[in-house]
Amino acid sequence: MDYRNKTHDILDNMKTVIIGKDEALEKVLICMLAKGHLLIEDVPGVGKTTMVKALARSIGLTYSRIQFTTDLMPSDITGITIYNRKEEGFVLKKGPIFNQIILADEINRTSPKTQSSLLQAMEEGEVSIDEQTYKLKEPFMVLATQNPVDYQGTFALPEAQLDRFLMRISLGYPSAEAEKMIIQNYSKKKKYEEINTVISEEELLKMQEEVEAVFVDDGILQYIVGIVYASRNHTDINLGASPRASIDLCRSAKALAYVKGRDYVIPDDVKGVAADVLAHRLILSPEARIEGKKAQQVVRDILKKSYVPVVRPVEN
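Read on for a plain summary of the structure. Values in this document were obtained by computation on a predicted structure and should not be read as measured data. (Residues numbered from 1 in each chain as written. Predicted model: local features only at pLDDT ≥ 70, side-chain atom pairs only at ≥ 80, totals over all residues. Heavy atoms only, no water.)

## A short note on the pattern of salt bridges
Move 1: Inspection of the entire model under this criterion finds 19 salt bridges.
Move 2: Residue Lys15 is joined to Asp22 by a salt bridge in which the shortest nitrogen-to-oxygen separation is 3.8 Å.
Move 3: Judged by its relative accessible area of 32%, Lys15 falls in the partly exposed class.
Move 4: Classification of Asp22 by relative accessible area gives partly exposed; the value is 40%.
Move 5: Residues Glu201 and Lys137 are paired through a salt bridge, measuring 3.4 Å at the closest nitrogen-oxygen approach. Remark: Lys137 occurs in the loop between strand E7 (132-135) and strand E8 (141-146) and Glu201 occurs in helix H9 (residues 201-212); sequence separation between them is 64 residues.
Move 6: The partly exposed category is assigned to Lys137, whose relative accessible area is 47%.
Move 7: What emerges from the salt-bridge pattern is a single network uniting Glu123, Asp163, Arg164, Arg244, Asp248, Arg251 and Arg281. (Salt bridge = Lys/Arg side-chain N within 4 Å of Asp/Glu carboxyl O. Buried < 20%, exposed > 50% of the residue type's maximum accessible area, 1.4 Å probe, protein only. Helix = DSSP H or I, 4+ residues; strand = E, 2+ residues; numbered from the N terminus.)

## What to know about helix H2 (residues 22-33)
Move 1: Given a rise of 1.5 Å per residue, 12 residues ought to cover 16 Å, and the 17 Å separating the end C-alpha atoms of H2 matches this to within 8%.
Move 2: Most of H2 is tucked away, with 10 of its 12 residues classed as buried.
Move 3: Where H2 is concerned, the buried positions are Ala24, Leu25, Glu26, Lys27, Val28, Leu29, Ile30, Cys31, Met32 and Leu33.
Move 4: At the exit of H2 stands Lys35, carrying a positive phi of roughly 60°. (Expected span 1.5 Å × (residues − 1).)

## A look at the pairing of strand E4 (residues 89-94)
Taken residue by residue, a regular strand's side chains alternate between the two faces of the sheet.
Move 1: Pairing of strand E3 (residues 79-84) with E4, which is carried by six bridges, proceeds in the antiparallel orientation. Its bridge partner being in E4, Ile82 is matched across the sheet by Val91.
Move 2: What sits between E3 and E4 in their antiparallel hairpin is a turn of four residues, with Glu88 showing a positive phi close to 50°. (Pairing = 2+ DSSP bridges.)

## Details of the sheet that holds strand E9 (residues 167-169)
Move 1: Read across the open sheet, the five strands follow the order E2-E5-E8-E1-E9; overall the sheet is parallel. The open sheet has two edge strands with one neighbour each: strand E2 (63-67) and E9. Here the average twist between neighbouring strands, direction ignored, is 20°.
Move 2: Inspection of the sheet shows strand E1 (residues 38-41) paired to E8 by four bridges, in the parallel sense. (Axes fitted to C-alpha atoms, helices over the stretch in contact; angles between N-to-C directions.)

## Digging into the nonpolar core
Move 1: Membership of the largest hydrophobic core comes to 74 residues, with the highest contact counts inside it found for Leu33, Leu38, Leu55, Ile101, Leu249, Val270 and Leu278.
Move 2: For this core, the leading source of residues is helix H11 (residues 243-259), giving nine residues.
Move 3: Residues in contact with Leu55, not counting those within four places in the same chain, are Met14, Val28, Met32, Ile101, Met141 and Leu143.
Move 4: Counting residues in each nonpolar core, the second largest holds 22 residues, with Leu39, Phe68, Ile107 and Leu162 among its members. (Core = buried A, V, L, I, M, F, W, Y, C linked by side-chain atoms within 4.5 Å. Contact = heavy atoms within 4.5 Å.)

## A short note on the pairing of E2
Move 1: Alternating residues of E2 divide into Ser64 and Ile66, all buried, and Tyr63, Arg65 and Gln67, none buried.
Move 2: Two elements, E2 and strand E5 (residues 101-105), share five bridges in a ladder whose sense is parallel. If you follow Ser64 over to E5, its bridge partner there is Ile102.

## What to know about the side chain of Thr114
Move 1: Inspection of the secondary structure assignment puts Thr114 in helix H5 (residues 112-115).
Move 2: A relative accessible area of 1% means that Thr114 is categorised as buried.
Move 3: Separated by 2.7 Å, the side chain of Thr114 and the backbone oxygen of Leu72 make a polar contact.
Move 4: Here Thr114 is in contact with Phe68, Leu72, Met73, Pro74 and Ile77, once residues within four sequence places are set aside. (Polar contact = N/O pair within 3.5 Å; in protein donor to acceptor, adjacent residues only side chain to side chain.)

## Description of the packing of aromatic side chains
Move 1: Counting across every chain of the model gives one aromatic pair.
Move 2: Each ring, one from Phe98 and one from Tyr134, has its centre 6.2 Å from the other, and the planes form 75°; the classification is edge-to-face. Of this pair, Phe98 sits in the loop between E4 and E5 while Tyr134 sits in strand E7, and the two are 36 residues apart along the sequence.
Move 3: According to the relative accessible area criterion, Tyr134 is partly exposed, its value standing at 23%.
Move 4: Positioned above the aromatic ring of Tyr264, the side-chain terminus of Arg262 is 5.8 Å from the ring centre. (Phe/Tyr/Trp six-rings, centres within 6.5 Å; stacked < 30°, edge-to-face > 60°. Lys NZ or Arg CZ within 6 Å of the ring centre and 35° of its normal.)

As structure tokens, this is what we get:
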């Protein structure tokens, strides 16, 4: 069975509570279909939390929100083992990480030690507590937020952790027309609890399998490698993208092709996700930062200079 049409059901459902952010919603869905994790860097009040709740509700997945603060401990996320007198032994008290959709709110407000407690879950889908390893239920996705303008009391995410995020996006402020609609609909808008579940988690797992099966031509693979390799030799970049970035760029391009209704990847799919997948993994040179350049701009410059392969549609 082909589940590609289900992508429109999910997006249309989320649009009932998130107005004027169709492109951002599509990228959130792409990230989930590619089995990735998402970093949302934006100012407060633009709908980040509502969007994550709407995603979880649309698919019927368990959801938890973790407010990251300076005093948050790793055990507050993963859970702890406590002694149970009735059972005369230690039992696991699971933390919020054992849900399927995790909103890590203001992730840069906690210490690196606590931030690192997410790494095993994000990379391996597992949690280790007191020498025991527990498998997390699939599908599993971490959506983390951070404020790009308020740096007081924050801890910058290390490169190793940034590399675990498939994409980094920004919702941005709504257009004037969209903001007017938000105000008009505020009192009567659908609460996320009232959002219908449009697909099951079993269907989502099938969709993720179909994304993995999307065909990628050898020319496209070479195109991806060329883009990532160029980031390691660009004069404006001190630290280029890792091999994990190459894999994530391919996975994201597959998911975009799937959302667009194709079972093969074209160069425009790679271009459509390149900046979101690569920019947060790059460290610009001091000269580039002094000149006010942004990582997204450098990625777009690389795309302009990269040879674009000609790919023929796959014949079924």
